[in-house]
Amino acid sequence: MRARNQTPWTPRGQHSLFPLWLGFVLQSFFVAALVSLFGLSVVHSPQAHGASTRKSSRSKKRPRSLREGVIVKLEPKQQFLIDLGKKDRVKAGMKVSVYRRVKVKHPISGKTINDRFYIGTIKLEQVSHFLSVAKTVGGFSYKPSVGDFVVPGPKPTSDVQTRVVTVVKKVNVPIPCPKGTNDIDAQRLHQQWMQMRGESIQDRQQGWLRFLKQFPSSAYRSHIEAHINWLAQLDQRIRQRVVQSTVQTWHDPPNEVEVGEQVNLVTAIVAPWKIQAVMLYYRKHNETRYLPLRMESSQRHYYKVRLPKALVQKQSAFQYFIEAIDTTGKRYKVFHSAEEPEFVRVYAPPGNTFSKQDRSQAYTFFEYVDFFTRAFGRDRYFKLEADYRYILPVPILHSVRMGFGIFEGQANAVGLMDADPNVIVIPKAYTYGYLEGEFRFHKYFAMMLRTILGAVRQNTVEGLIDSPGAIFGLEGRMRIGQFLGTNLVLGFTGTTGVGIEGVVVLTIREVKRFPMSASVIVTNLPLGQDLGVRLVYQVGWRPIKWFSVDLRVGWNIRNINHSGPTMGLGMVFQW
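This next bit is on the overall build of the protein. Helix and strand counts for the protein come out as six helices and 29 strands. In the protein, buried positions account for 34% of the 575 residues.

This part takes up the pairing of strand 23 (residues 470-481). Note: strand 20 (residues 445-456) against strand 23, 11 bridges, orientation antiparallel. Looking across to strand 23, one finds that Ala446 is bridged to Arg479. Here strand 23 pairs with strand 24 (residues 487-495) via nine bridges, running antiparallel. Within the sheet, the bridge partner assigned to Gly481 lies in strand 24 and is Asn487. From the end of strand 23 to the start of strand 24, which pair antiparallel, there are five residues.

With that settled, the discussion passes to the environment of Gln192. Tracing the backbone through its elements, the reader meets Gln192 in helix 3 (residues 184-196). Sequence spacing of Gln192 and Phe211 is 19 residues, and the spatial spacing of their C-alpha atoms is 7.7 Å. Ignoring anything within four residues of it in the chain, the contact list for Gln192 reads Gly207, Trp208 and Phe211. In this structure the side chain of Gln192 is engaged in a polar contact, spanning 3.3 Å, whose partner is the backbone oxygen of Gly207.

Attention now goes to the pairing of strand 26 (residues 516-523). Covered by surrounding structure in strand 26 are Ser517, Ser519, Ile521 and Thr523 only, the residues Met516, Ala518, Val520 and Val522 on the alternate face being uncovered. Note: strand 25 (residues 499-508) against strand 26, eight bridges, orientation antiparallel. Opposite Val503, over in strand 26, you have Ile521 as the bridge partner. As paired strands, strand 26 and strand 27 (residues 532-544) are joined by eight bridges and run antiparallel to one another. Across the sheet, residue Ser517 finds its bridge partner in strand 27, namely Gln538.

Here we come to the confidence of the model for the protein. Mean pLDDT over the protein: 79, with 77% of residues reaching 70 or higher. Considering only residues more than four positions removed or in separate chains, one finds that residues 157-177, a stretch of pLDDT under 50, has 17 contacts.

As a further point, take the sheet that holds strand 16 (residues 360-370). Taken together, 12 strands build a closed barrel; the order of strands is 16-17-18-19-20-23-24-25-26-27-28-29 and the barrel is antiparallel. Between one strand and the next, the sheet's axes are offset by a mean angle of 15 degrees, whatever the strand orientation. The pairing of strand 17 (residues 380-391) with strand 18 (residues 397-411) spans 12 bridges and is classified as antiparallel. Residue pairing in the sheet places Ile391 in a bridge with Ser399 of strand 18.

Note that Val259 resides in the loop between strand 8 (256-258) and strand 9 (264-270). A relative accessible area of 13% places Val259 in the buried class. The spatial distance from the C-alpha of Val259 to the C-alpha of Ala348 is 5.5 Å, given a sequence separation of 89 residues.

Running from N to C, helix 3 and helix 4 (residues 201-214) cross one another at 160 degrees; their axes reach a closest spacing of 10 Å. Classified by the interaxial angle, the pair formed by helix 3 and helix 4 is roughly antiparallel. The element helix 3 and its partner helix 4 pack so that their crossing is right-handed. Of the residues in helix 4, those in contact with Arg188, Leu189, Gln192, Trp193 and Met196 of helix 3 are Asp203, Arg204, Gly207, Trp208 and Phe211. When the residues that make up the contact of helix 3 with helix 4 are grouped by side-chain class, the tally is five nonpolar, two polar and three charged.

With 24 residues, the main nonpolar core has Leu280, Phe318, Tyr320 and Ile322 as its most contacted residues. Mapped onto this core, the elements with two or more residues apiece are strand 9, strand 10 (275-284), strand 12 (302-306), strand 13 (316-326), strand 14 (331-335) and strand 15 (342-347). Not counting residues within four places of it along the chain, the set of residues in contact with Leu280 comprises Leu265, Leu291, Pro292, Leu293, Met295, Val305, Leu307, Tyr320, Phe321 and Ile322. Ile82, Leu84, Ile122 and Leu124 belong to the second-largest nonpolar core, a separate cluster that totals 14 residues.

A word on the pattern of salt bridges. Two side chains that carry opposite charge are able to pair once their charged atoms sit near each other. Under the counting rule described, the total for this entry stands at 19 salt bridges. Glu436 serves as the salt-bridge partner of Arg450, at 2.8 Å between the closest nitrogen and oxygen. Here Glu436 lies in strand 19 (residues 426-442) and Arg450 lies in strand 20, a separation of 14 residues in the sequence. Several salt bridges share partner residues, and in doing so they unite Asp387, Arg401, Glu436, Arg450, Glu475 and Arg477 into one network.

Calculation criteria
- Residues numbered from 1 in each chain as written.
- Predicted model: local features only at pLDDT ≥ 70, side-chain atom pairs only at ≥ 80, totals over all residues.
- Heavy atoms only, no water.
- Helix = DSSP H or I, 4+ residues; strand = E, 2+ residues; numbered from the N terminus.
- Buried < 20%, exposed > 50% of the residue type's maximum accessible area, 1.4 Å probe, protein only.
- Pairing = 2+ DSSP bridges.
- Contact = heavy atoms within 4.5 Å.
- Polar contact = N/O pair within 3.5 Å; in protein donor to acceptor, adjacent residues only side chain to side chain.
- pLDDT = per-residue confidence, 0-100.
- Axes fitted to C-alpha atoms, helices over the stretch in contact; angles between N-to-C directions.
- Parallel < 35°, antiparallel > 145°, perpendicular 65-115°, else oblique.
- Left-handed = near helix turned anticlockwise from the far one by under 90°.
- Nonpolar A, V, L, I, M, F, W, Y, C, P; charged D, E, K, R; others polar.
- Core = buried A, V, L, I, M, F, W, Y, C linked by side-chain atoms within 4.5 Å.
- Salt bridge = Lys/Arg side-chain N within 4 Å of Asp/Glu carboxyl O.

See below:
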């Protein structure tokens, strides 16, 4: 008898059809998943992505590098070395904008402010791997310096906002709410606060007043009213600071100083900003160019300087003005200006010991004059003079001059030479000495009187002997204007047996090292017969203080047919 529940053994997979179908489905699903994963990995691989988008990437141009560069070195001829190169994808010919970074501390809030200003444009001339050489394009609003940064591209136009091109990571930060997102009153308060950022103090006051009018029952009303009061007080302090921001200065100028006196000038400056330098500019009264002197800080707000001794060595005058310079290079008027300087007289009181410098002068001059009457040298003369001048320490008689001269010429009457070009010319030669005194009645007016004594040398003309004889002459000149400045001289000379000469001389000494003069001379030399007019121009060159060279050129006219040149050279020694 067979036991209960016993069945013959059969394989497990043949027990029923349902387990076979379920296994088949699971296997198919597993294979499909593997194929899908493999296909996705192939499609999203870098190689496949590059192959699929190669055409689109070629159609779009790679963007230029927008990395900021820096001027690392200043080269001659307005060239600059910047740290942008081929690695930054810049090319020769590209224009680059130059900016100046500014970092200042706000005087009211104490907040540090960072900003930049466009100062000019440069063009890349040579581009290496790491560096480039750039050249100026146009001018600069400020002088470029090492450390100024550059941005590829031209200057932004007025309708495009200037921005610093910087690669930064974008982070979305939610605006925090004082009492959480569920507090509507706090959300309104914070929204109003964010809108008020960057507005003026007055606009912020009006904005918060409108907020209280719109939401009178706000839980933060007391805090808002306290903030409005604080803004009003801040506005009042700022207005008071603006009133006090003007520069306050003090300076007591000397009206006159004695010759040889040591002159110290002091000024006081109170400014709301830092003073970088205080400059005094001075010049002699008869000069046009100012010379600078830096005033040194003796104590807080006070600056002093000592004027050069050469400015007060002799009786004259000088002018000066004072300026202050802040850290940005801006200049401020402290005392007078270049257009209206302070005038200080340098005087010599009675009994004053005069300086012995610049009191002596030695002068020598050679001049050749030719009236070119149909033949060169037929109506001509030359003159050589040398003299010594000394300035005296007396009130009226300013100086005395003594010297000697040599005169030699030849001519004949113009009518005779026109009738017979071969007519014999008459020689004329004499030596002479002279003594002159200058009487100065005012610094703008002086008289010069000269006495002349000499002797005619013996001359032979076809066997005729011109016996020697004495000559005597007087010369008077009047000068209007300062001796070392622009002046006009009128003079007349008459010498017995020689002739007469009248002169008008305009001297200009505006250029310090190149004095010049123009003269009109009427004379009947060398024979004292026919009058002629001479137009003469003279220019000097003073390379050093005690020596100068004078060159004279001109043209001489007897009449429309008789004229010729003038040439002369002189030297002046002064000590």
